[in-house]
Amino acid sequence: MNDTTFAVLGTGGIGRRTLEVSQHKDGLTPVAACDRHGVAMDFDGLDVDELLEATEGNIDSGPGTDGTRGTDASRDDDLETDGGAAASSGVKQHGENAGVVASAQARPSEDPIQEIIDHGDAIDAVLLALPNYEHDFIPRVADRFIAGGYAGVMVDVLKRSRVIGMLDERASAFEDAGITFVCGAGATPGFLTGAAALAAQSFVEVESVDIWWGVGLKSGYEDNRGTVREDIAHLPEYDIDTARTLSEDEIEAIIDDHDGVLEFDDMEHADDVLLERAGICDAEDVTVGGILDVEHDEKPTTTTVSVTGTTFDGETGTNTFELDDATSMAANVNGPAIGYLKTAVCRNRAGEYGVFGPAELMPGF
Ligand code: CWL
């Protein structure tokens, strides 16, 4: 595969770890990274070490710097939920992540996403590592790329089922634009959805797919505040709107109420619609749940995909796929995101455009 240039939108935990993982992969050159304050761009390849070092340590998280959970409310909200269109005030709020502009390679920008779109000819793939507190945020960012004449790959790591339909509505617009869009390409949906598609191959009829994840996030907590907030939105007492407005102190109190261990059942994760659109089972036969432990780095439970079905010769069985407890969420989200990105670039170069899910493509390595 020829060299692939890519950009990362969002430099929170996912954006930064994707840049880091890409350093271990052949043929990938990160050329742009942005957050809501600014953009770093270098078409000879970003200096990822410098960028990570500069952005990793610049968080004025007050009480968080001693390793306890901090109180910086904006830590992982790397782009405003207006699609990046609003001009940032340029004034750093107390406790706010200085973000990408802390890197010597970056400069402030009024509209970082537009700058990336304007250089789209030199960018093979864009990874959307954005918070999805508003369901239409990623679709609206995609609209901007379509409007700006981008013709390449877009990959997101979104979670919610309802967003897939919004992207499907844009399928013909992506096709006309020459965009190959892979949606839900993280761990779940993503890696585990793809694993379910493989596990289903023994069967002619799939009865159920159950995804059960375990995540330990003690040292990774700071990096994953956005993810934790999105997870809280899945608790029965909350929804996406109430979770978005919680202060960091309120999030901390919720976590403390649960002694640091949050269990989630029946999450609205897009694995269901993505397996249905791949023809594997009905969305209603898919469940996603898991346990998040922010007091330990060890996984509280083994991440397992269980696919139950019947074979052509009348047997009923359950195929399982497990992740090792030693593999981190960062490895299991960002590895697959890059794998799907690589495959999507091949598809795009072959002239295949539109919307694809993780159960329809085999990720590259
Ligand atoms: O979708 C995500 O953001 C991650 C998801 C949850 C914590 N919010 C679970 C990720 C599963 C990773 C499984 C593993 O590393 O074993």
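Residues numbered from 1 in each chain as written. Predicted model: local features only at pLDDT ≥ 70, side-chain atom pairs only at ≥ 80, totals over all residues. Heavy atoms only, no water.

- Per an unreviewed UniProt entry, the protein goes by the name Biotin operon protein and belongs to Halostagnicola larsenii XH-48.

1. Observations regarding the layout of surface pockets
Here is step 1: Approximately 640 Å³ is the volume found for the largest pocket.
Here is step 2: Forming the boundary of the largest pocket are 37 residues, of which V215, S328, M329, A330 and V333 lie nearest the centre.
Here is step 3: Contributions of two or more residues to the lining of the largest pocket are made by α1 (13-22), β8 (205-216), α8 (225-232) and α12 (329-349).
Here is step 4: Here the lining of the largest pocket takes five residues from α12, the largest share from any one element.
Here is step 5: Counted by class, the lining of the largest pocket contains 15 nonpolar, 15 polar and seven charged residues.
Here is step 6: Looking at which domains feed residues into the lining of the largest pocket, each of domain 1 (4-62 + 98-188 + 330-356) and domain 2 (191-325) gives three or more. (1 Å grid on protein atoms, 1.4 Å probe; cavity = no way out; pocket = protein on both sides within 12 Å on 5 of 7 lines; lining within 4 Å. Points joined across faces, edges and corners; volume = space filled by probe spheres on them. Helix = DSSP H or I, 4+ residues; strand = E, 2+ residues; numbered from the N terminus. Nonpolar A, V, L, I, M, F, W, Y, C, P; charged D, E, K, R; others polar. Domains from an automatic or database assignment.)

2. Some remarks on the sheet that holds strand β9 (residues 261-264)
Here is step 1: What the five strands build is an open sheet, ordered β9-β10-β8-β11-β12; its pairing is mixed. One side of each edge strand has no neighbouring strand; the edge strands of this open sheet are β9 and β12 (316-322). For this sheet the average axis-to-axis angle between neighbouring strands, irrespective of direction, equals 10°.
Here is step 2: Summarising the sheet, strand β11 (residues 304-310) and β12 pair through seven bridges and their orientation is antiparallel. When the bridges of β12 are listed, V307 appears paired with N319. (Pairing = 2+ DSSP bridges. Axes fitted to C-alpha atoms, helices over the stretch in contact; angles between N-to-C directions.)

3. Quick word on the environment of D124
Here is step 1: Within the element layout of this structure, D124 appears in the loop between α3 (112-118) and β5 (125-128).
Here is step 2: Owing to a relative accessible area of 24%, D124 belongs among the partly exposed residues under this scheme.
Here is step 3: For the pair formed by D124 and L19, sequence separation is 105 residues and the distance between their alpha carbons is 15 Å.
Here is step 4: Residues contacting D124, with those up to four places away along its chain left out, are D3, T4, T5, Y150, G152, V153, V345 and R349.
Here is step 5: Separated by 3.4 Å, the side chains of D124 and R349 make a polar contact. (Buried < 20%, exposed > 50% of the residue type's maximum accessible area, 1.4 Å probe, protein only. Contact = heavy atoms within 4.5 Å. Polar contact = N/O pair within 3.5 Å; in protein donor to acceptor, adjacent residues only side chain to side chain.)

4. Notes on the nonpolar core
Here is step 1: Counting residues in hydrophobic clusters, the biggest one holds 34 residues, and the most contacted among them are V209, L292 and V307.
Here is step 2: Mapped onto this core, the elements with two or more residues apiece are α7 (191-199), β8, α8, α10 (248-257), β9, β10 (286-293) and β11.
Here is step 3: The biggest single contributor to this core is β8, with five residues.
Here is step 4: Those residues in contact with V209 that lie beyond four places of it in its chain are A196, L275, C281, D285, V286, T287, V305, S306 and V307. (Core = buried A, V, L, I, M, F, W, Y, C linked by side-chain atoms within 4.5 Å.)

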